[in-house]
Amino acid sequence: MSQVRVRFAPSPTGFFHIGSARTALFNWLYARHTGGVLVLRIEDTDKERNSEQFLNVIYESLDWLGLNWDEGPKAGGNFGPYRQSERSAVYREYLEKLKAAGRTYEKDGAVWFKLIGERTEVFDERRQKTVTKVKVEPTVINDLIRGRVERVEDEDFIIVRSDGNPVFHFVNVVDDIAMQITHVIRGEDHLSNTSKHVELFKAFGAPLPQFAHIPLILKQNGPGKMSKRDQGALIEEYQRRGYLPAALVNFLCLLGWNPGDDREKMPIEEIIRLFDLPGINQSNARFDDKKLAHMNMVYLLGLPADRFVERARTYFQLHAADAPALQAEAAYFREVMLLSQPKIKGLEELPAYTQYLFTEDYGTDPKMKEKVMARGDPKARLGELIAGLAALDFSSDSAIEESIKALAARHGLGFGDYQSVARLAVSGTNVGPSLTSLFRVLGKERVRQRLERLLAAV
RNA sequence: GUCCCCAUCGUCUAGCCCGGUCAGGACACCACCCUUUCACGGUGAGAACCGGGGUUCGAAUCCCCGUGGGGACGCCA
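What counts as what
Residues numbered from 1 in each chain as written. Chains lettered and ligands numbered in written order. Predicted model: local features only at pLDDT ≥ 70, side-chain atom pairs only at ≥ 80, totals over all residues. Heavy atoms only, no water. Pairing = 2+ DSSP bridges. Helix = DSSP H or I, 4+ residues; strand = E, 2+ residues; numbered from the N terminus. Axes fitted to C-alpha atoms, helices over the stretch in contact; angles between N-to-C directions. Near = heavy atom within 4 Å. Polar contact = N/O pair within 3.5 Å; in protein donor to acceptor, adjacent residues only side chain to side chain. Nonpolar A, V, L, I, M, F, W, Y, C, P; charged D, E, K, R; others polar. Core = buried A, V, L, I, M, F, W, Y, C linked by side-chain atoms within 4.5 Å. Buried < 20%, exposed > 50% of the residue type's maximum accessible area, 1.4 Å probe, protein only. Contact = heavy atoms within 4.5 Å. Salt bridge = Lys/Arg side-chain N within 4 Å of Asp/Glu carboxyl O.

Student: Hey, could you run me through the sheet that holds strand 4 (residues 110-113) in this one?
Tutor: Consider a sheet: its strands pair through backbone hydrogen bonds, and that pairing is either parallel or antiparallel. Spatial ordering of the open sheet is given by 3-4-9, a layout of three strands whose pairing is antiparallel. A single partner strand is all that each edge strand has here, and the edge strands are strand 3 (104-107) and strand 9 (157-160). The sheet shows a mean angle of 45° between the axes of neighbouring strands, direction not considered. By the bridge criterion, three bridges tie strand 4 to strand 9 in an arrangement that is antiparallel.

Student: When you look at the protein's contact with RNA strand B in this model, what are you seeing that I'm missing?
Tutor: Taken together, 61 residues lie near RNA strand B, and Arg146, Arg161, Glu264, Lys343 and Asn430 sit nearest. Sugar and phosphate atoms form 63% of the subset of RNA strand B atoms that lie within 4 Å of the protein. One nitrogen or oxygen atom from the side chain of Gln282 is found 3.5 Å from a phosphate oxygen belonging to RNA strand B. A total of four residues in the surface near RNA strand B trace back to one element, the largest contributor, which is helix 9 (residues 289-301). Considering only residue class, the surface near RNA strand B consists of 18 nonpolar, 20 polar and 23 charged.

Student: Honestly, helix 13 (residues 366-374) in this entry has me stumped. Any pointers?
Tutor: Given 3.6 residues to a turn, an α-helix orients residues that are three or four positions apart in the same direction. Where helix 13 begins, the side chain of Asp365 points an oxygen toward the backbone nitrogen of Lys367, at a separation of 3.1 Å. Just downstream of helix 13 lies Gly376, where phi reads positive at about 65°.

Student: Is there a simple way to explain the nonpolar core in this structure?
Tutor: In summary, soluble globular proteins display a tendency toward joint burial of nonpolar side chains. Counting residues in each nonpolar core, the largest one holds 108 residues, and the members touching the most others are Leu248 and Met337. Ignoring sequence-local partners within four residues, the contact set of Met337 consists of Phe308, Val309, Ala312, Phe316, Leu350, Thr354 and Phe358. Val37, Val39, Val134 and Phe157 belong to the second-largest nonpolar core, a separate cluster that totals 34 residues.

Student: Could you clarify how one ought to interpret the pattern of salt bridges in this entry?
Tutor: Oppositely charged side chains can form a pair if their charged atoms are brought close together. All told, the structure shown has 35 salt bridges when counted by the stated rule. Measuring nitrogen to oxygen at the nearest pair gives 2.9 Å for the salt bridge that ties Glu155 to Lys133. Of the two residues, Glu155 sits in the loop between strand 8 (147-151) and strand 9 while Lys133 sits in strand 6 (residues 129-135), which places them 22 residues apart along the sequence. We classify Glu155 as buried; its relative accessible area is 16%. When the shortest N-O distance is used, the salt bridge between Glu270 and Arg273 registers 3.1 Å. Of this pair, Glu270 and Arg273 are both found in helix 8 (residues 268-274), three residues apart, which corresponds to roughly one turn of the helix. Since its relative accessible area comes to 54%, Arg273 is described here as exposed.

In short, geometric facts, not functional conclusions.
Below, the structure is given as C-alpha coordinates:
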(Lines give C-alpha, C1' and ligand atoms only; values in the text may rest on other atoms or scores of the structure.)
Protein backbone atom coordinates (compact mmCIF):
# COMPACT_ATOMS: atom_id res chain seq x y z
CA MET A 1 0.00 0.00 0.00
CA SER A 2 1.45 3.31 -1.04
CA GLN A 3 1.73 6.22 1.30
CA VAL A 4 -1.32 8.32 2.10
CA ARG A 5 -1.12 11.83 0.70
CA VAL A 6 -3.81 14.29 1.75
CA ARG A 7 -4.06 17.99 1.14
CA PHE A 8 -5.60 21.01 2.76
CA ALA A 9 -6.38 23.53 0.04
CA PRO A 10 -7.60 26.82 1.44
CA SER A 11 -8.26 29.88 -0.61
CA PRO A 12 -6.87 33.12 0.78
CA THR A 13 -10.02 35.05 0.02
CA GLY A 14 -11.36 35.44 3.54
CA PHE A 15 -10.49 34.99 7.13
CA PHE A 16 -9.64 31.57 8.44
CA HIS A 17 -12.71 30.19 10.13
CA ILE A 18 -13.84 27.28 12.29
CA GLY A 19 -14.99 25.18 9.33
CA SER A 20 -11.70 25.53 7.48
CA ALA A 21 -9.85 24.76 10.67
CA ARG A 22 -11.72 21.52 11.16
CA THR A 23 -11.17 20.46 7.55
CA ALA A 24 -7.47 21.17 8.03
CA LEU A 25 -7.55 19.30 11.33
CA PHE A 26 -9.20 16.18 9.90
CA ASN A 27 -6.70 16.09 7.04
CA TRP A 28 -3.86 16.54 9.50
CA LEU A 29 -5.21 13.82 11.80
CA TYR A 30 -5.56 11.41 8.94
CA ALA A 31 -2.05 12.10 7.70
CA ARG A 32 -0.63 11.64 11.19
CA HIS A 33 -2.75 8.56 11.85
CA THR A 34 -1.57 6.84 8.70
CA GLY A 35 1.97 8.13 8.73
CA GLY A 36 1.15 9.91 5.50
CA VAL A 37 1.88 13.33 4.08
CA LEU A 38 -0.14 16.52 4.52
CA VAL A 39 0.19 18.92 1.63
CA LEU A 40 -0.76 22.57 2.03
CA ARG A 41 -1.87 23.98 -1.28
CA ILE A 42 -2.95 27.57 -1.71
CA GLU A 43 -5.84 27.94 -4.12
CA ASP A 44 -5.38 31.50 -5.22
CA THR A 45 -6.57 31.40 -8.81
CA ASP A 46 -9.05 34.20 -8.28
CA LYS A 47 -6.82 37.22 -8.64
CA GLU A 48 -9.61 39.61 -7.71
CA ARG A 49 -10.12 38.23 -4.22
CA ASN A 50 -6.67 37.01 -3.44
CA SER A 51 -4.67 38.80 -0.76
CA GLU A 52 -1.31 38.37 0.96
CA GLN A 53 -2.83 39.42 4.24
CA PHE A 54 -5.29 36.53 4.16
CA LEU A 55 -2.50 34.16 3.23
CA ASN A 56 -0.65 35.08 6.39
CA VAL A 57 -3.80 34.54 8.40
CA ILE A 58 -3.87 30.96 7.09
CA TYR A 59 -0.24 30.32 8.02
CA GLU A 60 -0.62 31.88 11.44
CA SER A 61 -3.83 30.08 12.26
CA LEU A 62 -2.52 26.67 11.24
CA ASP A 63 0.62 27.39 13.18
CA TRP A 64 -1.30 28.42 16.27
CA LEU A 65 -3.45 25.30 16.10
CA GLY A 66 -0.32 23.19 15.80
CA LEU A 67 -1.29 21.79 12.40
CA ASN A 68 2.02 21.45 10.62
CA TRP A 69 2.24 20.49 6.96
CA ASP A 70 4.84 18.29 5.33
CA GLU A 71 4.74 19.81 1.87
CA GLY A 72 3.70 23.25 0.76
CA PRO A 73 4.73 26.87 1.04
CA LYS A 74 7.56 27.27 3.54
CA ALA A 75 7.93 23.49 3.80
CA GLY A 76 8.92 22.69 0.24
CA GLY A 77 8.46 19.30 -1.38
CA ASN A 78 8.83 17.53 -4.69
CA PHE A 79 5.47 18.52 -6.12
CA GLY A 80 5.72 22.30 -5.99
CA PRO A 81 5.12 25.05 -6.49
CA TYR A 82 2.29 24.88 -3.96
CA ARG A 83 0.55 28.12 -4.80
CA GLN A 84 -1.76 27.76 -7.72
CA SER A 85 -0.93 31.25 -8.93
CA GLU A 86 2.55 29.87 -9.67
CA ARG A 87 1.43 26.73 -11.46
CA SER A 88 0.21 28.06 -14.83
CA ALA A 89 2.68 25.88 -16.72
CA VAL A 90 1.20 22.75 -15.17
CA TYR A 91 -2.33 23.86 -16.03
CA ARG A 92 -1.34 24.64 -19.63
CA GLU A 93 0.15 21.19 -19.96
CA TYR A 94 -2.95 19.47 -18.62
CA LEU A 95 -5.22 21.68 -20.71
CA GLU A 96 -3.32 20.53 -23.81
CA LYS A 97 -4.03 16.92 -22.86
CA LEU A 98 -7.75 17.63 -22.76
CA LYS A 99 -7.62 19.56 -26.01
CA ALA A 100 -5.73 16.74 -27.70
CA ALA A 101 -8.37 14.31 -26.51
CA GLY A 102 -11.06 16.50 -27.99
CA ARG A 103 -12.65 17.18 -24.62
CA THR A 104 -12.72 20.98 -24.79
CA TYR A 105 -14.22 23.76 -26.86
CA GLU A 106 -14.26 27.53 -26.67
CA LYS A 107 -17.33 29.63 -26.12
CA ASP A 108 -17.57 33.31 -25.15
CA GLY A 109 -13.79 33.33 -24.90
CA ALA A 110 -13.73 30.70 -22.18
CA VAL A 111 -12.64 27.08 -22.39
CA TRP A 112 -15.35 24.53 -21.62
CA PHE A 113 -15.06 20.90 -20.65
CA LYS A 114 -17.07 18.72 -22.97
CA LEU A 115 -19.13 15.82 -21.64
CA ILE A 116 -19.76 12.92 -23.94
CA GLY A 117 -23.32 11.99 -24.83
CA GLU A 118 -26.48 12.97 -26.62
CA ARG A 119 -27.25 16.71 -26.38
CA THR A 120 -30.56 18.50 -25.97
CA GLU A 121 -31.46 22.15 -25.44
CA VAL A 122 -33.75 22.88 -22.52
CA PHE A 123 -34.92 26.09 -20.91
CA ASP A 124 -33.79 26.38 -17.28
CA GLU A 125 -36.49 28.19 -15.29
CA ARG A 126 -34.30 29.04 -12.37
CA ARG A 127 -31.48 30.50 -14.41
CA GLN A 128 -33.87 31.90 -16.98
CA LYS A 129 -31.85 30.74 -19.98
CA THR A 130 -31.46 27.89 -22.41
CA VAL A 131 -28.87 25.31 -21.42
CA THR A 132 -27.48 22.23 -23.09
CA LYS A 133 -28.11 18.98 -21.28
CA VAL A 134 -25.92 15.98 -22.03
CA LYS A 135 -27.19 12.47 -21.59
CA VAL A 136 -24.45 10.77 -19.56
CA GLU A 137 -24.08 7.82 -17.25
CA PRO A 138 -24.40 8.79 -13.58
CA THR A 139 -21.14 9.40 -11.78
CA VAL A 140 -20.60 7.08 -8.84
CA ILE A 141 -18.41 8.01 -5.94
CA ASN A 142 -17.72 5.68 -3.06
CA ASP A 143 -17.38 8.15 -0.27
CA LEU A 144 -15.53 6.91 2.80
CA ILE A 145 -18.01 8.69 5.05
CA ARG A 146 -21.24 8.62 3.07
CA GLY A 147 -20.96 5.41 1.15
CA ARG A 148 -22.11 5.14 -2.44
CA VAL A 149 -23.31 8.44 -3.89
CA GLU A 150 -24.63 8.71 -7.40
CA ARG A 151 -25.07 11.94 -9.27
CA VAL A 152 -25.57 12.93 -12.88
CA GLU A 153 -23.30 15.66 -14.20
CA ASP A 154 -25.19 16.65 -17.29
CA GLU A 155 -23.87 20.05 -18.33
CA ASP A 156 -20.55 21.13 -19.76
CA PHE A 157 -18.67 23.50 -17.50
CA ILE A 158 -16.01 26.16 -17.80
CA ILE A 159 -12.46 25.19 -16.93
CA VAL A 160 -10.61 28.31 -18.12
CA ARG A 161 -12.00 31.81 -17.79
CA SER A 162 -12.04 34.20 -20.71
CA ASP A 163 -9.20 36.08 -19.02
CA GLY A 164 -7.09 32.94 -19.30
CA ASN A 165 -7.21 31.92 -15.64
CA PRO A 166 -8.25 28.33 -14.93
CA VAL A 167 -11.14 27.79 -12.52
CA PHE A 168 -11.37 25.82 -9.29
CA HIS A 169 -12.75 22.51 -10.60
CA PHE A 170 -9.97 22.24 -13.15
CA VAL A 171 -6.97 23.25 -11.06
CA ASN A 172 -8.23 21.30 -8.08
CA VAL A 173 -8.32 18.07 -10.03
CA VAL A 174 -5.11 18.76 -11.96
CA ASP A 175 -3.23 19.42 -8.74
CA ASP A 176 -4.68 16.39 -7.00
CA ILE A 177 -3.40 14.32 -9.91
CA ALA A 178 -0.06 16.10 -10.16
CA MET A 179 0.52 16.02 -6.42
CA GLN A 180 -0.54 12.37 -6.24
CA ILE A 181 -3.21 12.98 -3.64
CA THR A 182 -4.68 9.69 -2.43
CA HIS A 183 -7.50 10.95 -0.18
CA VAL A 184 -9.62 14.05 -0.71
CA ILE A 185 -11.01 15.08 2.67
CA ARG A 186 -13.16 18.18 2.40
CA GLY A 187 -16.49 19.71 3.42
CA GLU A 188 -19.77 18.24 2.32
CA ASP A 189 -20.48 21.40 0.39
CA HIS A 190 -18.16 19.88 -2.23
CA LEU A 191 -20.08 16.64 -2.56
CA SER A 192 -22.16 17.97 -5.45
CA ASN A 193 -19.02 19.21 -7.19
CA THR A 194 -17.44 15.82 -7.00
CA SER A 195 -19.22 14.57 -10.10
CA LYS A 196 -17.47 17.31 -12.10
CA HIS A 197 -14.18 16.30 -10.57
CA VAL A 198 -14.71 12.62 -11.29
CA GLU A 199 -15.48 13.43 -14.94
CA LEU A 200 -12.19 15.32 -15.13
CA PHE A 201 -10.19 12.55 -13.48
CA LYS A 202 -11.63 10.14 -16.02
CA ALA A 203 -10.91 12.48 -18.93
CA PHE A 204 -7.28 12.60 -17.81
CA GLY A 205 -7.22 8.84 -17.44
CA ALA A 206 -6.11 9.34 -13.86
CA PRO A 207 -7.00 7.03 -10.97
CA LEU A 208 -9.64 8.42 -8.61
CA PRO A 209 -8.57 9.40 -5.13
CA GLN A 210 -10.67 8.23 -2.19
CA PHE A 211 -13.22 10.85 -1.23
CA ALA A 212 -14.32 11.68 2.29
CA HIS A 213 -16.89 14.45 2.63
CA ILE A 214 -17.11 15.65 6.20
CA PRO A 215 -20.27 17.19 7.67
CA LEU A 216 -20.56 20.94 7.88
CA ILE A 217 -20.60 23.12 10.96
CA LEU A 218 -23.85 25.01 11.30
CA LYS A 219 -24.07 28.46 12.78
CA GLN A 220 -25.06 28.62 16.43
CA ASN A 221 -28.03 30.89 15.90
CA GLY A 222 -30.17 30.94 12.82
CA PRO A 223 -30.18 28.74 9.76
CA GLY A 224 -27.37 27.64 7.51
CA LYS A 225 -23.73 26.75 7.68
CA MET A 226 -21.26 28.80 9.60
CA SER A 227 -19.57 31.47 7.56
CA LYS A 228 -16.76 33.84 8.25
CA ARG A 229 -19.19 36.59 9.09
CA ASP A 230 -20.81 34.69 11.95
CA GLN A 231 -20.21 35.39 15.60
CA GLY A 232 -17.37 33.27 16.89
CA ALA A 233 -16.43 31.97 13.46
CA LEU A 234 -12.87 33.17 13.20
CA ILE A 235 -9.88 31.31 14.58
CA GLU A 236 -8.03 34.53 15.23
CA GLU A 237 -10.78 35.54 17.63
CA TYR A 238 -10.01 32.59 19.90
CA GLN A 239 -6.33 33.32 19.62
CA ARG A 240 -6.99 36.90 20.63
CA ARG A 241 -9.24 35.88 23.51
CA GLY A 242 -6.58 33.66 25.00
CA TYR A 243 -8.18 30.32 24.28
CA LEU A 244 -5.79 27.40 24.47
CA PRO A 245 -5.27 26.00 20.99
CA ALA A 246 -5.23 22.47 22.37
CA ALA A 247 -8.72 23.07 23.80
CA LEU A 248 -10.05 24.39 20.51
CA VAL A 249 -8.50 21.48 18.62
CA ASN A 250 -9.97 18.97 21.05
CA PHE A 251 -13.37 20.64 20.76
CA LEU A 252 -13.21 20.64 16.96
CA CYS A 253 -12.31 16.95 16.90
CA LEU A 254 -15.48 16.20 18.80
CA LEU A 255 -17.60 18.05 16.26
CA GLY A 256 -18.36 15.17 13.94
CA TRP A 257 -16.06 12.58 15.43
CA ASN A 258 -15.73 10.74 18.75
CA PRO A 259 -13.47 8.07 20.16
CA GLY A 260 -16.34 5.60 20.43
CA ASP A 261 -16.70 6.04 24.15
CA ASP A 262 -17.47 8.83 26.61
CA ARG A 263 -14.06 10.44 26.67
CA GLU A 264 -13.94 14.11 25.72
CA LYS A 265 -10.72 15.69 26.91
CA MET A 266 -8.07 13.63 25.18
CA PRO A 267 -4.39 14.12 24.42
CA ILE A 268 -3.87 14.76 20.72
CA GLU A 269 -1.65 11.67 20.47
CA GLU A 270 -4.58 9.55 21.56
CA ILE A 271 -6.88 11.24 19.06
CA ILE A 272 -4.37 10.61 16.29
CA ARG A 273 -4.20 6.97 17.30
CA LEU A 274 -7.99 6.49 17.19
CA PHE A 275 -8.94 8.82 14.36
CA ASP A 276 -10.22 7.31 11.15
CA LEU A 277 -12.35 8.45 8.25
CA PRO A 278 -15.22 5.95 8.55
CA GLY A 279 -15.65 7.06 12.17
CA ILE A 280 -16.73 10.52 11.12
CA ASN A 281 -20.43 11.33 11.47
CA GLN A 282 -22.64 11.96 8.50
CA SER A 283 -24.78 14.72 9.92
CA ASN A 284 -23.99 18.38 10.32
CA ALA A 285 -23.14 19.75 13.75
CA ARG A 286 -24.22 22.97 15.31
CA PHE A 287 -21.50 25.09 16.84
CA ASP A 288 -21.79 25.54 20.62
CA ASP A 289 -19.60 28.24 22.16
CA LYS A 290 -20.59 27.24 25.71
CA LYS A 291 -19.15 23.80 25.26
CA LEU A 292 -16.01 25.26 23.72
CA ALA A 293 -15.66 27.59 26.71
CA HIS A 294 -16.07 24.64 29.03
CA MET A 295 -13.41 22.64 27.20
CA ASN A 296 -11.10 25.64 27.44
CA MET A 297 -11.67 25.83 31.19
CA VAL A 298 -10.88 22.16 31.58
CA TYR A 299 -7.60 22.68 29.73
CA LEU A 300 -6.80 25.82 31.73
CA LEU A 301 -7.36 23.92 34.96
CA GLY A 302 -5.04 21.19 33.79
CA LEU A 303 -2.19 23.52 32.83
CA PRO A 304 1.00 23.22 34.93
CA ALA A 305 1.66 26.34 37.03
CA ASP A 306 4.53 27.65 34.93
CA ARG A 307 2.63 27.28 31.71
CA PHE A 308 -0.44 28.97 33.13
CA VAL A 309 1.56 31.94 34.37
CA GLU A 310 3.25 32.18 31.01
CA ARG A 311 -0.09 32.18 29.19
CA ALA A 312 -1.47 34.74 31.59
CA ARG A 313 1.46 37.07 31.02
CA THR A 314 1.12 36.74 27.27
CA TYR A 315 -2.55 37.58 27.55
CA PHE A 316 -1.84 40.72 29.56
CA GLN A 317 0.85 41.77 27.13
CA LEU A 318 -1.56 41.40 24.27
CA HIS A 319 -4.55 43.14 25.80
CA ALA A 320 -3.46 45.27 28.70
CA ALA A 321 0.12 46.16 27.96
CA ASP A 322 -0.15 49.16 30.27
CA ALA A 323 -1.76 47.20 33.08
CA PRO A 324 -0.06 47.53 36.48
CA ALA A 325 -0.02 43.74 36.55
CA LEU A 326 2.91 43.75 34.14
CA GLN A 327 4.81 46.20 36.34
CA ALA A 328 4.49 43.93 39.34
CA GLU A 329 7.31 41.70 40.49
CA ALA A 330 7.35 38.37 38.67
CA ALA A 331 6.91 36.37 41.87
CA TYR A 332 3.92 38.47 42.91
CA PHE A 333 2.38 38.25 39.46
CA ARG A 334 2.82 34.51 39.55
CA GLU A 335 1.22 34.17 42.95
CA VAL A 336 -1.81 36.20 41.93
CA MET A 337 -2.24 34.24 38.71
CA LEU A 338 -2.02 30.89 40.44
CA LEU A 339 -4.64 32.06 42.91
CA SER A 340 -6.87 32.83 39.94
CA GLN A 341 -6.23 29.73 37.84
CA PRO A 342 -8.74 27.47 39.59
CA LYS A 343 -11.37 30.19 39.70
CA ILE A 344 -11.67 31.49 36.17
CA LYS A 345 -13.19 30.01 33.02
CA GLY A 346 -11.02 31.86 30.53
CA LEU A 347 -7.85 33.97 30.46
CA GLU A 348 -9.92 36.92 29.31
CA GLU A 349 -11.38 37.17 32.81
CA LEU A 350 -7.94 37.72 34.32
CA PRO A 351 -7.51 41.51 34.03
CA ALA A 352 -10.81 42.29 35.73
CA TYR A 353 -10.49 39.40 38.14
CA THR A 354 -7.09 40.45 39.46
CA GLN A 355 -7.08 44.19 38.94
CA TYR A 356 -7.39 45.20 42.61
CA LEU A 357 -4.35 43.12 43.45
CA PHE A 358 -2.12 45.30 41.33
CA THR A 359 -3.30 48.79 42.17
CA GLU A 360 -4.68 50.85 45.04
CA ASP A 361 -6.90 52.60 42.55
CA TYR A 362 -9.63 49.98 42.29
CA GLY A 363 -13.33 50.64 42.29
CA THR A 364 -15.95 49.37 44.69
CA ASP A 365 -19.07 47.59 43.51
CA PRO A 366 -21.84 49.86 44.87
CA LYS A 367 -24.44 47.11 45.06
CA MET A 368 -22.06 44.88 46.93
CA LYS A 369 -21.19 47.70 49.28
CA GLU A 370 -24.82 48.44 50.01
CA LYS A 371 -25.52 44.80 50.70
CA VAL A 372 -22.59 44.34 53.04
CA MET A 373 -23.18 47.54 54.93
CA ALA A 374 -26.84 46.70 55.46
CA ARG A 375 -26.16 43.59 57.48
CA GLY A 376 -24.85 43.32 61.03
CA ASP A 377 -22.44 45.97 62.23
CA PRO A 378 -19.77 46.11 59.56
CA LYS A 379 -18.20 49.29 60.93
CA ALA A 380 -17.61 47.61 64.28
CA ARG A 381 -16.13 44.54 62.56
CA LEU A 382 -13.83 46.75 60.53
CA GLY A 383 -12.68 48.50 63.68
CA GLU A 384 -12.03 45.22 65.45
CA LEU A 385 -10.07 43.89 62.52
CA ILE A 386 -7.91 46.98 62.31
CA ALA A 387 -7.30 46.96 66.06
CA GLY A 388 -6.34 43.30 66.03
CA LEU A 389 -4.39 43.37 62.80
CA ALA A 390 -0.95 43.73 64.37
CA ALA A 391 -1.51 40.50 66.29
CA LEU A 392 -2.67 38.49 63.27
CA ASP A 393 -0.30 35.82 62.02
CA PHE A 394 0.27 36.40 58.28
CA SER A 395 2.72 33.54 57.77
CA SER A 396 0.29 31.32 55.86
CA ASP A 397 -3.31 31.01 54.77
CA SER A 398 -4.14 28.70 57.62
CA ALA A 399 -2.34 30.95 60.13
CA ILE A 400 -4.39 33.90 58.91
CA GLU A 401 -7.55 31.87 59.17
CA GLU A 402 -6.77 30.72 62.69
CA SER A 403 -5.87 34.14 63.95
CA ILE A 404 -8.97 35.76 62.47
CA LYS A 405 -11.05 33.02 64.04
CA ALA A 406 -9.37 33.73 67.38
CA LEU A 407 -10.05 37.43 67.00
CA ALA A 408 -13.67 36.68 66.15
CA ALA A 409 -14.01 34.40 69.13
CA ARG A 410 -12.93 37.18 71.49
CA HIS A 411 -15.95 39.13 70.30
CA GLY A 412 -18.20 36.10 70.42
CA LEU A 413 -18.32 35.93 66.63
CA GLY A 414 -17.14 33.74 63.77
CA PHE A 415 -14.95 34.10 60.71
CA GLY A 416 -17.98 34.68 58.58
CA ASP A 417 -18.88 37.84 60.41
CA TYR A 418 -15.69 39.48 59.20
CA GLN A 419 -15.47 37.95 55.80
CA SER A 420 -17.76 39.99 53.61
CA VAL A 421 -16.75 43.39 54.96
CA ALA A 422 -13.06 42.51 54.85
CA ARG A 423 -13.41 41.26 51.30
CA LEU A 424 -15.23 44.43 50.32
CA ALA A 425 -12.42 46.47 51.83
CA VAL A 426 -9.53 44.65 50.18
CA SER A 427 -11.11 43.96 46.79
CA GLY A 428 -14.15 46.14 46.30
CA THR A 429 -16.11 43.14 45.07
CA ASN A 430 -17.59 39.85 46.17
CA VAL A 431 -15.86 37.56 43.73
CA GLY A 432 -12.30 36.40 44.04
CA PRO A 433 -9.87 34.03 45.68
CA SER A 434 -10.25 33.11 49.34
CA LEU A 435 -9.98 36.00 51.79
CA THR A 436 -7.02 34.47 53.56
CA SER A 437 -5.12 34.25 50.29
CA LEU A 438 -5.93 37.85 49.52
CA PHE A 439 -4.64 38.92 52.93
CA ARG A 440 -1.48 36.92 52.59
CA VAL A 441 -0.70 38.14 49.08
CA LEU A 442 -1.44 41.77 49.87
CA GLY A 443 0.53 41.77 53.10
CA LYS A 444 -0.39 43.32 56.42
CA GLU A 445 0.34 46.94 55.52
CA ARG A 446 -1.75 47.03 52.37
CA VAL A 447 -4.55 45.21 54.14
CA ARG A 448 -4.45 47.80 56.92
CA GLN A 449 -4.62 50.68 54.48
CA ARG A 450 -7.56 49.15 52.66
CA LEU A 451 -9.47 48.39 55.84
CA GLU A 452 -8.91 51.92 57.12
CA ARG A 453 -9.88 53.45 53.81
CA LEU A 454 -13.22 51.67 53.83
CA LEU A 455 -13.85 52.52 57.46
CA ALA A 456 -13.23 56.18 56.70
CA ALA A 457 -15.60 56.05 53.77
CA VAL A 458 -18.61 54.75 55.66
C1' G B 1 -37.33 24.62 -9.02
C1' U B 2 -33.70 20.41 -10.02
C1' C B 3 -30.08 17.26 -7.96
C1' C B 4 -27.20 15.45 -3.66
C1' C B 5 -26.52 14.57 1.71
C1' C B 6 -28.56 14.09 6.56
C1' A B 7 -32.29 13.04 10.83
C1' U B 8 -31.46 10.15 19.05
C1' C B 9 -32.45 15.14 24.93
C1' G B 10 -32.18 22.74 23.68
C1' U B 11 -26.73 21.53 21.81
C1' C B 12 -22.49 17.84 20.85
C1' U B 13 -23.09 12.71 20.83
C1' A B 14 -23.08 6.77 22.34
C1' G B 15 -26.25 2.91 20.77
C1' C B 16 -27.65 1.60 14.38
C1' C B 17 -23.53 -1.93 10.42
C1' C B 18 -24.58 -7.58 13.36
C1' G B 19 -33.02 -5.84 15.59
C1' G B 20 -34.34 -7.79 22.22
C1' U B 21 -30.32 -2.08 26.96
C1' C B 22 -34.63 1.39 32.62
C1' A B 23 -31.93 4.73 25.21
C1' G B 24 -25.80 6.09 28.13
C1' G B 25 -22.31 10.44 28.55
C1' A B 26 -21.01 15.72 28.07
C1' C B 27 -22.45 21.11 27.63
C1' A B 28 -26.46 24.24 29.04
C1' C B 29 -30.59 24.77 32.60
C1' C B 30 -32.79 23.77 37.69
C1' A B 31 -32.40 21.91 42.86
C1' C B 32 -29.46 20.26 46.81
C1' C B 33 -24.54 19.29 49.06
C1' C B 34 -19.55 21.17 49.82
C1' U B 35 -17.99 26.17 51.20
C1' U B 36 -14.95 31.75 54.01
C1' U B 37 -17.20 35.15 48.79
C1' C B 38 -17.07 33.59 43.67
C1' A B 39 -15.88 29.46 41.12
C1' C B 40 -14.38 24.19 40.83
C1' G B 41 -16.31 19.68 42.52
C1' G B 42 -20.27 16.13 44.16
C1' U B 43 -25.44 14.34 44.10
C1' G B 44 -30.06 14.60 41.88
C1' A B 45 -34.08 16.34 38.49
C1' G B 46 -36.17 17.66 33.93
C1' A B 47 -35.03 16.66 28.77
C1' A B 48 -34.65 12.71 22.79
C1' C B 49 -35.32 7.91 19.12
C1' C B 50 -39.28 13.69 13.30
C1' G B 51 -44.19 11.41 11.24
C1' G B 52 -46.58 7.37 8.69
C1' G B 53 -46.45 2.68 6.59
C1' G B 54 -43.92 -2.05 5.98
C1' U B 55 -40.65 -6.52 7.47
C1' U B 56 -40.48 -9.17 12.29
C1' C B 57 -42.58 -12.68 18.00
C1' G B 58 -39.94 -8.01 18.72
C1' A B 59 -37.65 -1.82 15.29
C1' A B 60 -33.92 3.96 17.70
C1' U B 61 -31.62 -0.07 14.87
C1' C B 62 -33.67 -2.99 8.36
C1' C B 63 -36.96 -1.11 3.88
C1' C B 64 -40.37 2.59 1.60
C1' C B 65 -42.97 7.25 1.59
C1' G B 66 -43.66 11.90 3.72
C1' U B 67 -41.80 15.99 6.55
C1' G B 68 -37.86 18.75 8.34
C1' G B 69 -32.70 20.44 8.14
C1' G B 70 -28.27 21.18 5.19
C1' G B 71 -25.62 21.64 0.61
C1' A B 72 -24.84 22.32 -4.73
C1' C B 73 -26.68 24.36 -9.13
C1' G B 74 -20.88 31.26 -10.81
C1' C B 75 -16.04 33.01 -16.19
C1' C B 76 -16.09 32.16 -6.45
C1' A B 77 -13.41 28.39 -4.03
